[in-house]
Structure formats: C-alpha cells, structure tokens
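Coordinate analysis (summary)
This is what each chain is made of:
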Amino acid sequence: MRTYDTVIVGGGIAGLACARQLRAAGHDFFLVTDRLGGRMFANGAAMHNFGATYVTSDYRHIGRFIDRGRRVRWRDVFFHDGVRFLTIWHPSNLRHRRALLRLYARLIEFRGHLNRLRALSPRVCQAELLRDDPLLGRATREPAAEFVARNGLADLNATFVAPMVNSTVFTTFEQVNTFYYLAVLMPILLPTYLADFSRTIPRLTAGLCDRIGVERVVALETSPRGGFAVTTTLRDLRARNVVVATPAHNLRDFGTGLDPSWIGTDGVREIPIVTLHVRGRRRDEYRPEKLVFLRPDEAATVLIPLEPGLDMLFAPTPEPDLAPYFEHHEVAARVRWKTAIQLSGACWRRLAPRPGLYTIGDYNICGLEDSYLTGLFAANRIVG
Ligand SMILES: Cc1cc2nc3c(=O)[nH]c(=O)nc-3n(C[C@H](O)[C@H](O)[C@H](O)COP(=O)(O)OP(=O)(O)OC[C@H]3O[C@@H](n4cnc5c(N)ncnc54)[C@H](O)[C@@H]3O)c2cc1C
C-alpha cells in the first residue's frame, strides 16, 4: 500500500488546480480520477461542449488554460415575449429599460464584492468570506423572488431573466437565492465567450502525468493508524490529507466511513440535467442559428447553435419532446449530469471541514473560476 502526504480525488478543474499548486510547492501527492477534465467535457477540436459552456471576462485565473471561443452578442440572443422570440434590444422592449438599469446597478455592485471574494479565496475559505461580506451574506440569505420584488423586476424577470437562470442552474428562479441569481446573470454585464477546451487538459496536466491515476475511488475512510484510507478500483492508498474534488453526491456515494455531517448536506440539491447535441433543422420561429432561451416550463431550457445544423440543448429528461423546436432532427449525442448545488439558505460548505479533509469544487459558487480557486485554497492550506 502506497502512502502519500495528500491524495486528491477528482480531476476536474478544482482537483487539477490543487494538484498544480501542490506540485509547484514540491509536495508529495497523487490524484485519482475516473475521468480527466470532469465537467469540462468536449469533443476536442470541434469545440462542441457537453458540460461547462461559457466563460466571462472575469474568469481571470483560468484564462491561461481555457481559450475563448466565439463571443456571445446580445443582438443574437432571443427570448420569448409572449408572442414571438425577440432580442432584448427590440424597440417593443423599451418598457423594460428602467428595470434593466436597476438590474445593471445591482449586478455592478455584486460583481465588485464577488471579485473581492475571489481575490481572497486562494487563502481564506469561501464560506467565511461569504459569511463576512454584508452584501454577499445578505444575498445568500435572501430568496431570489424577494430580490425581484424588492427591485421591481417582475416583468423583466418573467421574460428575460428567469429563462437565463433556468438554463444555468437548471431550476426555476424561485428555488434559488439572490447570490445564485446574480452570479448566473454576470453574462448580462460582462463579455462572455464560448469556452474552448481543446487545449485545456494538456495545459492543466503538464508535468503531472506521473502523479495522476485514471481510476475510480470506491471507498474513503479514516484509517485506524491516522489519516485516510482511499480504495480505488486498482489500488489501496493511504494519505495524511484527502482533497475531495468531486460533487457532493459522489462524496456521499463513496459510502463507508465518511460521515455526511463532516461535509454538511443542508440546502444541497441534486438536479439531474441532460445535454443533447441535436442535428436537424430548427423551425423558423425558433430562430435557427441563434441562441434562444426557452421558457422555464418547456422540454428544454435553451437552444445553443454549435454549427449550422447542429444545436446543443439542456433538458431535465433524457428523451425530451423536441418536435416543437425542429422540423426534423436526430440526437447525435447525450450526456447526463447530476449537478449538486446549494440553492438557498446561508449554510455554505466549509472547504476544510475537519483536519486533513478538504471538500472543494462548486459546492458554494457554481462555475469554473470559483471551482479553480477552491483548488488553490486547499493546496495553500496543505502546504501552509
Ligand atoms: C451542463 C453544465 C453546464 C455548465 N455550464 C457552465 C458554464 O457555462 N460556465 C461555467 O463556469 N460553469 C459551468 N458549469 C459548472 C462547471 O462545469 C463546474 O462548476 C466545474 O466544472 C466544477 O469543477 P469541479 O472540478 O469542481 O468538478 P468536476 O468537473 O465535476 O470534476 C469532478 C471529477 O471527479 C471525478 N470523480 C467523480 N467521482 C469519482 C470517483 N468516485 N472516483 C474518481 N473520480 C471521481 C469526475 O469524473 C470528475 O472528473 C456547468 C455545469 C454543467 C453540468
């Protein structure tokens, strides 16, 4: 049985960020993952993503690993106004302009606080930063519906915002807190690009290849001799520290030994979502080759053009009825995700819940940049 100072479980952006930082510090570690890249899942050079899809200009730490693809132009983004699909800039939407300005003002304020949190989060636990920032702390406690009412955003929200929230966190805006609501609306404020992962994994894993095992962890227990015992499909490992860089449900599924109260499950909800790549011809009313947000009660949440005749859709079920959107179609690929995010309430997850154990990733703040930063936090704590 091999013993390491640290074993990292999960090779998505959080686990790989941790591994890179530990390597730079000359620390002894091994990373096990059943798939490299995690939700940065794409079919290579074609830039056809299945999981994470967009990056904003505020994603400053991960910019050297993830290239920016096509920029999202708001003139190419369509929403249903009750009659037809229109961009927000259509003259008939002028009635929303005051509400839009109010939302912009709130987003600018929120962004300042979020970026301050990001600047500190490689060294301080996200949960503490969220608790101690008055604006972010309030946003975590307040349901998004109250924020919408308080700011007079009901009409704007119904047409434009709720569909965007639904296609990002895969649930209705009534289910989320104000923090999530504002965080997922950053693309309204910031330049946003299709994420190009074609060179991401080689960049993130450069120099790490002999420290990564592509295998599945089946058990994680405290060891009677101190530290942790990690059992994978190929070997038994022991470690003084374990960094669990997988979503909450994976952690629970390891089964034995790992007491759920160590990680806290309050407010964490698993939300199944399916990504479909669909070949075919969209019906004209669904604006072929444009980015179209559908209404929250529909079979899919969004239609994202990848290339002429190929769309990406997110749907809550694997076999949604796509006939309303396409004249003819075939599903070219399908990937199921079991996301687990904290939707409401202020019970944020501590990233270092007990000595030697780190639970990192997108538990608290959903997205690539913040997941990456949790990896830096764990590594910095470990190397002191
Ligand atoms: C459909 C979808 C769309 C998204 N869109 C965006 C977006 O546009 N922009 C954005 O910023 N974010 C987006 N996100 C969120 C973003 O993908 C995540 O926040 C981020 O990728 C989380 O990284 P992570 O390293 O924490 O977890 P993951 O990427 O999930 O990595 C966890 C790793 O652990 C591995 N693992 C799990 N269980 C085990 C086990 N038992 N043994 C070994 N390994 C295991 C997994 O295979 C995986 O490689 C999206 C997510 C989804 C699902």
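What counts, and where the lines are drawn
Residues numbered from 1 in each chain as written. Predicted model: local features only at pLDDT ≥ 70, side-chain atom pairs only at ≥ 80, totals over all residues. Helix = DSSP H or I, 4+ residues; strand = E, 2+ residues; numbered from the N terminus. Rg over C-alpha atoms; globule rule 2.2 N^0.38 Å. Contact = placed C-beta atoms within 7 Å. Core = buried A, V, L, I, M, F, W, Y, C linked by C-beta atoms within 7 Å. Buried ≥ 20, exposed ≤ 12 C-beta atoms within 10 Å, placed from the backbone. Near = placed C-beta within 6 Å. Nonpolar A, V, L, I, M, F, W, Y, C, P; charged D, E, K, R; others polar. Pairing = 2+ DSSP bridges. Right-handed = clockwise from strand over helix to strand, strands pointing away. Expected span 1.5 Å × (residues − 1). Bend = angle between axes of the 7 residues up to and from the residue. Axes fitted to C-alpha atoms, helices over the stretch in contact; angles between N-to-C directions. Parallel < 35°, antiparallel > 145°, perpendicular 65-115°, else oblique. pLDDT = per-residue confidence, 0-100.

1. Thoughts on the overall build of the protein chain
Assigned secondary structure in the protein chain consists of twelve helices and 17 strands. Its C-alpha radius of gyration of 21 Å places the protein chain within 12% of the 21 Å reference for a compact globule of 384 residues. Structurally, the protein chain occupies a C-alpha span of about 70 × 45 × 35 Å along its principal axes. In the protein chain, 70% of the contacts between residues at least 6 apart in sequence involve partners at least 24 apart.

2. Considerations on the nonpolar core
Within the largest apolar cluster, 106 residues are counted, with the highest numbers of intra-cluster contacts made by Val-7, Val-9, Cys-18, Tyr-181, Val-230 and Val-243. Residues contacting Val-230, with those up to four places away along its chain left out, are Val-7, Val-9, Val-217, Leu-220, Leu-237, Ala-239 and Val-242.

3. Remarks on the environment of His-113
Within the secondary structure, His-113 sits in helix α2 (residues 97-120). Since 19 C-beta atoms lie within 10 Å of it, His-113 is described here as partly exposed. Sequence separation of His-113 and Pro-134 is 21 residues, and the distance between their C-alpha atoms is 9.4 Å. In contact with His-113, other than residues within four places in its own chain, are Asp-133, Leu-135 and Leu-136.

4. Quick notes on the site of the ligand
In the vicinity of the ligand lie 35 residues, with Gly-10, Gly-12, Gly-38, Arg-39 and Gly-361 positioned nearest. Sorting the residues of the shell around the ligand by element identifies β1 (2-11), α1 (13-24), β2 (29-36), β12 (268-282), β16 (326-342) and α12 (368-383) as the ones contributing at least two each. Looking at the shell around the ligand element by element, the count peaks at four residues for β2. Residue composition of the shell around the ligand, by class: 15 nonpolar, 15 polar and five charged.

5. Here's the deal with the pairing of β1
Among the ten residues that make up β1, seven are buried, leaving the element largely enclosed by the rest of the structure. Here β1 pairs with strand β11 (residues 236-244) via seven bridges, running parallel. Bridge pairing in β11 links Val-7 to Val-242. Relative to β2, β1 is paired through five bridges, and the arrangement is parallel. By the bridge assignment for β2, Thr-6 is matched with Phe-29. A crossover links β1 with its parallel partner β2, the connecting element being α1, and its sense is right-handed.

6. Topic: α2
For α2, built from 24 residues, the straight-helix expectation of 34 Å at 1.5 Å per residue is met to within 8% by its first-to-last C-alpha distance of 35 Å. Contact partners of the buried residues in α2: α4 (134-141), α6 (154-169), α7 (178-184) and α12.

7. A closer look at α6
Its 16 residues give α6 an end-to-end C-alpha distance of only 19 Å, which falls more than 12% under 22 Å, the value for a rise of 1.5 Å per residue. Within α6, the axis deviates most sharply at Val-161, by approximately 50°, and proline Pro-163 lies no more than four positions further along. Taken across its 16 residues, α6 has twelve buried, putting it largely inside the fold. Phe-170 occupies a position one or two residues after α6 and carries a positive phi of about 60°.

8. Structural notes on the sheet that holds strand β3 (residues 54-56)
The strands making up a sheet associate through hydrogen bonds between their backbones, and the pairing can be parallel or antiparallel. Spatial ordering of the open sheet is given by β3-β7-β4, a layout of three strands whose pairing is antiparallel. Strands at the two margins of the open sheet, each flanked by one partner only, are β3 and β4 (67-71). Taking each pair of neighbouring strands and ignoring which way they run, the sheet shows an average axis angle of 50°. In terms of strand pairing, β3 meets strand β7 (residues 192-196) through three bridges, oriented antiparallel. Bridge pairing links Val-55 to Tyr-193 in β7.

9. So, the packing of α2 against α4
It is the contact of α2 with α4, at a shortest axis distance of 9 Å, that shows an interaxial angle of 105°. In terms of their interaxial angle, α2 and α4 are classed as roughly perpendicular. Contact residues: α2 offers Glu-109, Phe-110, His-113 and Leu-117, while α4 offers Leu-135, Leu-136 and Ala-139. Of the residues assigned to the contact of α2 with α4, the class counts are five nonpolar, one polar and one charged.

10. Description of the environment of Pro-320
Structurally, Pro-320 can be placed in the loop between β15 (310-315) and β16. With 44 residues separating them along the chain, Pro-320 and Leu-276 place their C-alpha atoms 9.6 Å apart. With residues up to four places along the chain from it excluded, the contact list for Pro-320 reads Ala-299, Ala-300 and Ala-315.

11. Considering the confidence of the model for the protein chain
Across the protein chain, pLDDT averages 91, with 93% of residues at or above 70. The secondary structure element of the protein chain with the lowest average pLDDT is helix α11 (residues 260-263), at 56, and the one with the highest is α1, at 98.

12. Details of unusual backbone geometry
Of note in this structure, Arg-287 is not a glycine but carries a positive phi near 50°. Within the secondary structure layout, Arg-287 lies in the loop between β12 and β13 (291-293). What makes Arg-287 partly exposed here is the crowd of 19 C-beta atoms within 10 Å. In the Ramachandran plot, Glu-289 falls in the positive-phi region, its phi being about 70° despite a non-glycine side chain. Mapped onto the fold, Glu-289 is located in the loop between β12 and β13. For Glu-289, a count of 14 C-beta atoms within 10 Å corresponds to the partly exposed category.

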